[in-house]
Structures are given as C-alpha cells and as structure tokens.
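# Reading the structure
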Amino acid sequence: MAAPRKILTVFGTRPEAIKLFPLVHRLARDDRFIGRVCISAQHREMLDQVLDIAGIVPDHDLDLMTPGQTLDALTARALVEIGKVLDLEQPDWVVVQGDTTTVMAGAIAAYYRKIPVCHVEAGLRSGDIHHPWPEEVNRRVVGSFAALHCAPTTTARDALLRENVDPAIVHVTGNTVIDALQWVTARVDNRLALADGLRALEERFAGRRIIGVTSHRRENFGEGMQAIAKAVKSIASRQDVAVIFPVHLNPQVRAVMKVELAGLDNVALLEPLDYPQFARLLDISHLMLTDSGGVQEEAPALGKPVLVMRETTERPEGIAAGTARLVGTDADRIVRETNRLLDDPAAYAAMAQAHNPFGDGHAAERIADLLAAS
Ligand code: UD1
Ligand code: UDP
C-alpha cells in the first residue's frame, strides 16, 4: 500500500467548520491519510460551537480573531501564520472550503510553497465582485490555481470550465453541507436534549408561525442591515407570527438588530445557536429570511421556503428548484414577499417542497477518494 498522504485541512469560520467536519471525520478514520487540522480561528465562539459538536480538536489553533477585525489586517496575519504551520507540517495537500479570508489566505500560503490545494465548494459564482463582498473574489482567487476543484453541483462545475480550468481536475462531489446536516439531524432526533434550548421558545410562541431570520453579509452593513431590521419589525406587527433571530456576533450586525428589534414580544433575538439547535430552528420554522450561503442550501433540503435577502446569489439551484427566492434588501419588498407566503397557501405550498440540489450526503466520501487518487 502507498504511504498515507498528509492532508492539512485549514478553516476559520462557522460555515467552513460545518462544511468540513464530515471530511475531517472521514480523513481521520481512513488509513490512506494522515489528517491534520489547522484553524485560523477567524471566528472564535461561533467556530468553537461547531468544533465542540463535531468533536474536533485542532492540531493548530492560530487564534487570530480580534473584535471588529478588518479584511486587510486579518488577511495579512492569516497568510503569515498559516504559512508557518505549512512549513512545520509540510503536508501533501491543503484543503480549504468556500470563500472566506482564511480560505483565500490559506490557499495562497500553500501556493507560495507549491503545495497543491484542494478547493471544496469550488465554482460558486455570482458574477458580481461586490455581491457577496469580498467572497466572490476570494473564491475566484482560489479557483485560479487549485489543483483539485470539488464542485458541489454541475452549475458550479460549468462555471469553472467556462474559466478554462482543466476538466481533469474538476469533479462534481455534492456539497458537504448535506453530509453535515444529515449527521446533525440524526443527532437531534436521537438526542433531543441537544435542541432543548429552543423548547421554551417553542412553548412561548405556540400557535404562531415561526419565521427564522439570519443576516451577516458585509455588503449589507449599514443601509442593508437597517432595511432588514425594519422589515422584520414590520413582519412582527402581525400577531400570527413570531420571529426567532440568532444574531451573528459581528458587531456591525448586533449594533443594528439589538437596537431596532429590542422589546418586541414576538421577536426573540438569540445568541448564535449551535448547529443542532439551528437545525431544529430550520425544522420548526414556517419560512426563513436570510442572507446566508449555508442556509440557502439547508432550507431546500428540508423543504423550507427561504427568502434570500441579497441582490445576487451564487446558489441558483435553490431558486431553480423553487424553494428559494431572491428578494434583495428593500424593506417593503421583504415584507411583501413574506406576507405573500403567509397569506397565500398556494404560493407557500409551491415553495415548501423538499429538494436536494446540493448533494446526497456522500460528498466527503467522494472528496476523500479524489484526494487519494490525485
Ligand atoms: C465571515 C466571512 C464570511 C462568512 C461569515 C460566516 C470573510 C471576509 N467573511 O464574515 O464570508 O460568510 O464569516 O459567518 O471571511 N465575531 C465574534 N465571534 C465570533 C465570530 C465573529 O466576536 O465567533 C465578531 C468579531 O468582532 C469579528 C467580527 O465578528 O471581528 C467579524 O468576523 P469576520 O470573520 O471578519 O467576518 P464575518 O462577518 O463573520
Ligand atoms: N448556523 C448555526 N447557528 C446559527 C446560525 C447559522 O449553526 O445561529 C449555521 C447554518 O446552519 C449554516 C451556517 O451556520 O450551516 C451558515 O453560516 P453563516 O450564515 O454564518 O455563513 P455563510 O453560510 O453565509 O457563509
């Protein structure tokens, strides 16, 4: 048997951890690999929530997060500090996922050392470098030199082929978010206690339809966040709904939501939920309002209508499947589209169909096989 390959998985934020834990689990139990994990900790509490649930103890924790961090300072520190880990570990492959600062800096640090990069969730494109910002450019940078592109869907694969990436190194694997969601859903079902935190709210809001909300995109800071808050407040003026809104720890998000949505009886502003509890929130929600990437993938899998509060999306599959709808960040439009789903049963039923355009729960397995064969 060939010597095991050393794979260093590098990540830094909540969504990367969620989408990489299935692969980290797999690499750890597969003799073909020596799995190592480096976290930049671009996020701290929100990342640790996922590591705890997934039982991952990183080999390297760079602890980079600072309050209100800027893009350039974080990028500079991530590049230097991840580089040091690469020099120490000298892996055969570096694996990154998605489009955050950690992904871009980690991939470049690997490229500077001529270590091949495997890009998980490759090929997502909105076509607009300002939406989402800066993620569209981060993923294009990694896509320009990755040695293995794991595209979640054929749409993502085709985007890479249009950019003249060698078809031999582009593979459709499905999105590991479905692996993660299945793993965690099984745990919530089996160990209900994990989702206990939401139970009191479910009782308090019994008889009302729950609307789950998340928002955090940088391009929405300022005006966009104010508009989202205004829309949520207006929706909450209906007595037949309740809003559950786990608020992202970014101070730019909290400053707005904590002021604009304070003191409303049927709006619960929560701290970020751990993944099993968030899966439970998806489950009990009538519909989701979000600007999140991951939630756009999870909601269709669970048949939950999702109104995407963004101008563009790199995930057209949810829209094509009919479960997601792009509504932008105009407050009136968000309210109008939400009311339509609340008041028109046919419109609601048309969206509330489970679809799985993003994967079958076996993406991590496919990526591991590709890493072994490449
Ligand atoms: C980052 C990613 C974004 C991803 C999002 C997922 C970049 C440029 N942005 O955005 O692509 O969609 O994560 O959530 O890479 N904070 C905490 N504790 C935490 C996490 C964040 O206090 O656990 C606060 C800190 O003040 C931190 C700030 O939020 O400085 C911003 O964090 P950062 O990772 O720079 O940006 P996000 O908006 O979280
Ligand atoms: N999520 C979570 N707790 C929360 C909100 C979201 O566990 O309180 C999960 C969600 O299920 C999804 C991921 O975090 O898998 C999305 O992260 P986020 O919206 O921060 O980032 P994005 O996907 O937009 O990059």
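Presented here is a report on the structure given in the accompanying data block. (Residues numbered from 1 in each chain as written. Chains lettered and ligands numbered in written order. Predicted model: local features only at pLDDT ≥ 70, side-chain atom pairs only at ≥ 80, totals over all residues. Heavy atoms only, no water.)

## Quick notes on the nonpolar core
Here is the rule we go by: We define a nonpolar core as any set of buried Ala, Val, Leu, Ile, Met, Phe, Trp, Tyr and Cys residues linked to one another through side-chain atoms lying within 4.5 Å. Think of it in three bands: residues with accessible area under 20% of the maximum for their type are buried, residues over 50% are exposed, and the middle band is partly exposed, with areas taken using a 1.4 Å probe on protein chains only. Helical segments are the DSSP runs of H or I of at least four residues, strand segments are the runs of E of at least two, and each set is numbered from the N terminus.
If you look at the biggest cluster of nonpolar residues, it comprises 38 residues, and the most contacted ones within it are Phe-11, Leu-23, Val-95, Cys-118, Tyr-275 and Leu-371. It is helix 1 (residues 14-28) that contributes the most residues to this core, 7 residues altogether. Grouped together as the second largest cluster of nonpolar side chains are 33 residues, Phe-221, Leu-289, Met-309 and Ala-347 included.

## With respect to unusual backbone geometry
Cis peptide bonds are those with omega within 30 degrees of zero, and the linkage from His-131 to Pro-132 qualifies with -5°. When you line up the elements, Pro-132 lands in the loop between strand 5 (117-120) and helix 5 (135-143). Here the amide bond leading from Trp-133 into Pro-134 is cis, since omega sits at 10°, within 30 degrees of zero. With respect to the secondary-structure elements, Pro-134 resides in the loop between strand 5 and helix 5. Despite not being glycine, Gln-90 has its phi angle at roughly 45°, a positive value. Take Gln-90: it is sitting in the loop between helix 3 (71-89) and strand 4 (93-97). Accessibility expressed as a relative area gives 59% for Gln-90, which makes it exposed.

## Topic: the sheet that holds strand 4
Pairing between the strands of a sheet is mediated by backbone hydrogen bonds and can be parallel or antiparallel. Short version of the rule: We call two strands paired when DSSP finds no fewer than two bridges between them.
Overall, parallel pairing links the 7 strands, which are arranged 3-2-1-4-5-6-7 in an open sheet. Looking at which strands have only one partner, the edges of the open sheet turn out to be strand 3 (60-61) and strand 7 (170-172). Of the strand pairs in this sheet, strand 4 and strand 5 are connected by 4 bridges, and their pairing is parallel. The residue of strand 5 that forms the bridge with Val-96 is His-119.

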